[in-house]
Structure formats: structure tokens, C-alpha cells
Amino acid sequence: MRTLDTARDVCEQYHPGLVKALSELSFADRERPVSPVIDLFRTHGGVGLLVPAEYGGGGAGLVDAVQVMRAVGSLSPSLAAAVTMHHFTAATLYALAPAAGRLTDAQLSVLRRVVPEQLVMASGWAEGRTEQNILAPAVTATPVEGGYLLSGSKKPCSLSTSMDLLTASIAVPGAGGEPELALALVPADSEGLSVHPFWGNQVLAAAQSDEVRLTDVFVPEELVVRTSAEDPHLLDDLQTAGFVWFELLISAGYTGAASALVEQVLHRGRGGASDRAALVVRAESAFMVLEGTARAVAGGLDGEAAVAAALVARYAAQEALTDTAALALELLGGLDFITSSDNTQLASGVRPLAFHPPSRASVADALATYFAGGPLQLS
């Protein structure tokens, strides 16, 4: 499929050999609960995609990143879902690095280790929140001498068994005593951090989306990123930007899974020309709206406008991909369904996009109000 080949070429630029390595595994091996795909992601330089070049990474922009995620999702929906958490975390954290004094020496030291050591970062952030005051962080932070004790649970938490670092949004006492947003960098081997079975579905089973529990996990003050009096809204703004990256990257991964089904229909010549053309239109429109939004954000679209655009793109893709997967399975036919479960599982792997926050229903009023000229207030 021409456009999927383009995505694979972009992936090859940033992660030489990854597409080939994944392709050499059967679909079942790529998607099973104990799968080598995350290890392959590490060994082919996957962690550095969005890490700036000065830190040893690929320095990819959002437009190339959605292409890479489409390619990855076409081969392993589980891997795409899992590494989205690493990528949007990287994009957010490294945005802090250029500003002098924004990060401590300890925090910068962690960021400098990510690419050389291929450190994988899981996210305990509040996905789906574009403002700190929408919901309290799931992880509580109790001030103690020298830092904080963190307690709470993240479930599901992708990359739970492969992570080297957990990033978590927490509320800490501000200068005036009011809670304010902060980001904690938690080493995966910290005492009190544990992983427990949670994911029970075979679909996306290789994403390692189990429960991560924190029980009085000590994090030193120097590994907690906080706002400052000079820039009190910095972390809120960065979390908004991270939200936009998350929505576009996760959607692109699912677009790849649907595109893989379309590619099979085209290569096998299933159905009539009008059927195949209709299928291509659905799949390509889903990716084009994501890519177009990525270009707009890369070109300077930000704030409420970027959040609204990302949500529209995500929901438009979500609708198109559901129809794409269903029609592709129908055209592939009964014998394909009977003789192998691969494509059935691949089609099922498209549906979980609807389960990532925020749900369409939860933001319906906010989007309608925004496009009618009001503010975008998500809750």
C-alpha cells in the first residue's frame, strides 16, 4: 500500500531495521502477552524518536512521528499503544530542558541517560486532562524530609514490566499552601513500586498494560519538576501540549492497524474495485486528518485551538477506522476468518481507540461550545 510504504520508509529513517525485525515475527508472536516487540523497540533506537538531537535522539517532529506510529501500528498495535506513552512523555519532558534553570541537575542527568541506555518511560500522568484542575492526580504526594512519599495506582499502565522510569503527575503544596501540579520522575526499581496483573484481554496483550502500584515510594525533591513564580503555568501548558501529542500519536497507531487490513485487501484483490476504493478512502481520510492536524500544530497552532483540533481529528479517525476494519474483514472473506485469527485480532485491535480518554460523550458539550465561539472547558 503506497502510503503505508511511505510510513515504513519514515520509520526506517529513525529506527533502521525495526520494520524488518517486526515483520520477521508472526503476528501471533508480536501480539502475545510475553512478546519481544518492546525489546526490539529498544534495540532499534525506538526510545529516541522524539528526544532532541543534543541528547542523542532523532529529534523527530510531530508530522514524522505520526508516520512512524502508523508504520509501527501496522505491524504491532500493541507496540504502538505501548510506546505512545513513552513518546508523549519524552516530548513533554524534553520541552523543559532548553530553559536554563527549569530542571535540576538530577533531572537533566536522567534525560541525558535515556538514549544511551535506551531507557523506557511509562506514564502515570493524568491522560485526558488538559488542565490540572479537571481531576486530582491519581498519585498522592506526602511531603517528607528531602522529598515526597508517593502512593497510588495506575491501571492500566502500558510498559509496566519494561519501564525504567515512571513519570507521574502529582499535587504538591504551593508557596501559598494551595496544591499545584508537579511531575515526579520515579525509577522503576524504587522500593514500594510494584506491578500486578490487570490486563485480561488478548487484544493489545503485548502492551504490558498491567497495574503499577506505589506504596510510600520516596522520590527526592530533585526528581520532582515544579512550577516557578516566574512561570506558574508552565506545567499546565506543557501538559496541554502533551495531551495534543498523545491524541495524535495514539490515533496514528490505530490507523496503522486498520491500514494493514486494507493493504491485505488490495494485495489480494478482494471485492470489486469500488469496494476497494471505498476502503482506501476511509483509511486514508482517517490518517490525513491526523497528519493535517499534526502539520497545523507543528506550524504553531497551540492552546485551546490545538486541543480542539486534536480531539476532532481523533474522533473523526475513530469513526472511520471502525468502518474500515469492519469492511476489510468482510472483503477478506469467510475463509480468512476460519483459517486464521490474525486479521480478526488486528481488526479488534482498532476498536480500543474509543476507550482512551477523553470519551467523545464526555467532551461533546465542550466541543460544541468551543466551535460556537465559547471557551473550551473539558471536565
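Report on the accompanying structure. For clarity, every value in this text was computed on a predicted model and none was experimentally measured.

## Topic: the overall build of the chain
- Looking only at helices and strands, one finds 13 helices and eight strands in the chain.
- Over its C-alpha atoms the chain spans a radius of gyration of 21 Å, differing by no more than 12% from the 21 Å that the globule rule assigns to 379 residues.
- Dimensions of the chain along its principal axes, counting C-alpha atoms only, are 70 × 50 × 35 Å.
- Within the chain, the proportion of its 379 residues that are buried is 55%.
- Of the contacts made within the chain by residues no fewer than 6 positions apart, 76% connect residues no fewer than 24 positions apart.

## Side note on a nonpolar patch on the surface
- Together, Leu-335, Phe-337 and Ile-338 line one region of the surface with nonpolar side chains, adding up to about 380 Å² of accessible area.
- Tracing the sequence through the fold places Ile-338 in helix α11 (residues 334-339).

## What about the packing of aromatic side chains?
- Enumeration over the complete set of coordinates arrives at three aromatic pairs.
- Taken together, a centroid distance of 5.2 Å and an interplanar angle of 70 degrees make the contact between Tyr-55 and Tyr-94 edge-to-face. Note that Tyr-55 is positioned in the loop between α4 (37-43) and α5 (62-75) and Tyr-94 in helix α6 (residues 77-94), a separation of 39 residues in sequence. You'll find Tyr-55 and Tyr-94 in the same group, each marked buried.

## A few points about α6
- A rise of 1.5 Å per residue sets the reference length of α6, with its 18 residues, at 26 Å; its end C-alpha atoms lie 26 Å apart and thus fit the reference within 8%.
- Val-83 marks the point of greatest bend in α6, at about 30 degrees.
- Within α6, 18 of the 18 residues are buried, leaving the element largely enclosed by the surrounding structure.

The rules behind the values
Residues numbered from 1 in each chain as written. Predicted model: local features only at pLDDT ≥ 70, side-chain atom pairs only at ≥ 80, totals over all residues. Heavy atoms only, no water. Helix = DSSP H or I, 4+ residues; strand = E, 2+ residues; numbered from the N terminus. Rg over C-alpha atoms; globule rule 2.2 N^0.38 Å. Buried < 20%, exposed > 50% of the residue type's maximum accessible area, 1.4 Å probe, protein only. Contact = heavy atoms within 4.5 Å. Patch = residues over 30% accessible without salt bridge, like charges linked within 9 Å, V, L, I, M, F, W, Y side chains within 5 Å. Areas by Shrake-Rupley, 256 points an atom, 1.4 Å probe, with all protein chains shown as cover. Salt bridge = Lys/Arg side-chain N within 4 Å of Asp/Glu carboxyl O. Phe/Tyr/Trp six-rings, centres within 6.5 Å; stacked < 30°, edge-to-face > 60°. Expected span 1.5 Å × (residues − 1). Bend = angle between axes of the 7 residues up to and from the residue.

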